Amino acid sequence: AYTYIEANSSQLSDSAILGRFAGTIEAQKDGSDISSGREELKYAALELYKTSPLWGIGCGKFIEKSGEDSDVHNSYIQVLCEQGIIGILLFMIPLIYVLFNTLSLLRRVDSAYVKISLFYQLVFIIYAFSGNVTVNPFGFLMYYIAIAILVSLKFKYRL
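Residues numbered from 1 in each chain as written. Predicted model: local features only at pLDDT ≥ 70, side-chain atom pairs only at ≥ 80, totals over all residues. Heavy atoms only, no water.

Chemist: Could you give me a rundown of the overall build of the protein chain, with the residues and numbers involved?
Modeler: A tally of helices and strands in the protein chain yields eight helices and zero strands. Listing the helices and strands of the protein chain from first to last along the sequence gives α-α-α-α-α-α-α-α. Here the C-alpha atoms of the protein chain give a radius of gyration of 20 Å, more than 25% beyond the 15 Å that 2.2 N^0.38 yields for 159 residues. Taken over the C-alpha atoms alone, the protein chain extends approximately 60 × 45 × 20 Å along its principal axes. By residue count, 35% of the 159 residues in the protein chain fall in the buried class. Of the contacts formed within the protein chain by residues at least 6 apart in sequence, a portion of 52% connects residues at least 24 apart. When the accessible area of the protein chain is evaluated, it comes to approximately 10,000 Å², of which 63% is carbon and sulfur surface. (Helix = DSSP H or I, 4+ residues; strand = E, 2+ residues; numbered from the N terminus. Rg over C-alpha atoms; globule rule 2.2 N^0.38 Å. Buried < 20%, exposed > 50% of the residue type's maximum accessible area, 1.4 Å probe, protein only. Contact = heavy atoms within 4.5 Å. Areas by Shrake-Rupley, 256 points an atom, 1.4 Å probe, with all protein chains shown as cover.)

Right, dumping it as structure tokens:
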């Protein structure tokens, strides 16, 4: 599929479904920047982080303090910038704790619901590297559903 899209990217760039993917391939062929400005956002966030590494610059302050038009397209870097070392630890420790709890439950109980919970968690955690789940309520909602499934199953099986 990739080979087909790459070979026909100029014709597919107007496609509603494959247009963005084909456009990225075309831009890469031309030697253009395909990061959509994400690298600049990342570097701006890291520079702001250096100004206050322990506590960060304040929740929701990245756009205001950086002068950029968008939040960072990486939740971990955004949290580090806005909330510092303390905030990134408070963000990541629960993610890891809940993930390990889910994996532990999956070893003991073969349930489709545990797999759904794990799937939602992994989508949240992995997407956070290229998107920003911290500024989108839908991302949190799906993650909270995953936690609710986990808690419900732990209560059901008395684990």
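Chemist: Pulling in residues and values, what's your account of the packing of aromatic side chains?
Modeler: A complete count under the given rule lists six aromatic pairs for this structure. Measuring from ring centre to ring centre gives 4.7 Å for Y76 and F129, while their planes differ by 45°; the resulting arrangement is tilted. Separated by 53 residues along the polypeptide, Y76 in helix α6 (residues 75-108) and F129 in the loop between α7 (112-127) and α8 (137-156) bring together distant segments of the chain. Judged by its relative accessible area of 10%, Y76 falls in the buried class. On the basis of relative accessibility, which here comes to 53%, the residue F129 falls in the exposed class. (Phe/Tyr/Trp six-rings, centres within 6.5 Å; stacked < 30°, edge-to-face > 60°.)

Chemist: Which residues make up the side chain of E82, and what values go with them?
Modeler: Mapped onto the fold, E82 is located in helix α6. There is no salt bridge for the buried E82, and the closest opposite charge comes from K61, which lies 9.3 Å off by N-O distance. Those residues in contact with E82, other than ones at most four positions away along the chain, are W55, G56, I57, G58, C59, G60, K61, F62 and D71. (Lys, Arg positive; Asp, Glu negative; His and termini not counted. Salt bridge = Lys/Arg side-chain N within 4 Å of Asp/Glu carboxyl O.)

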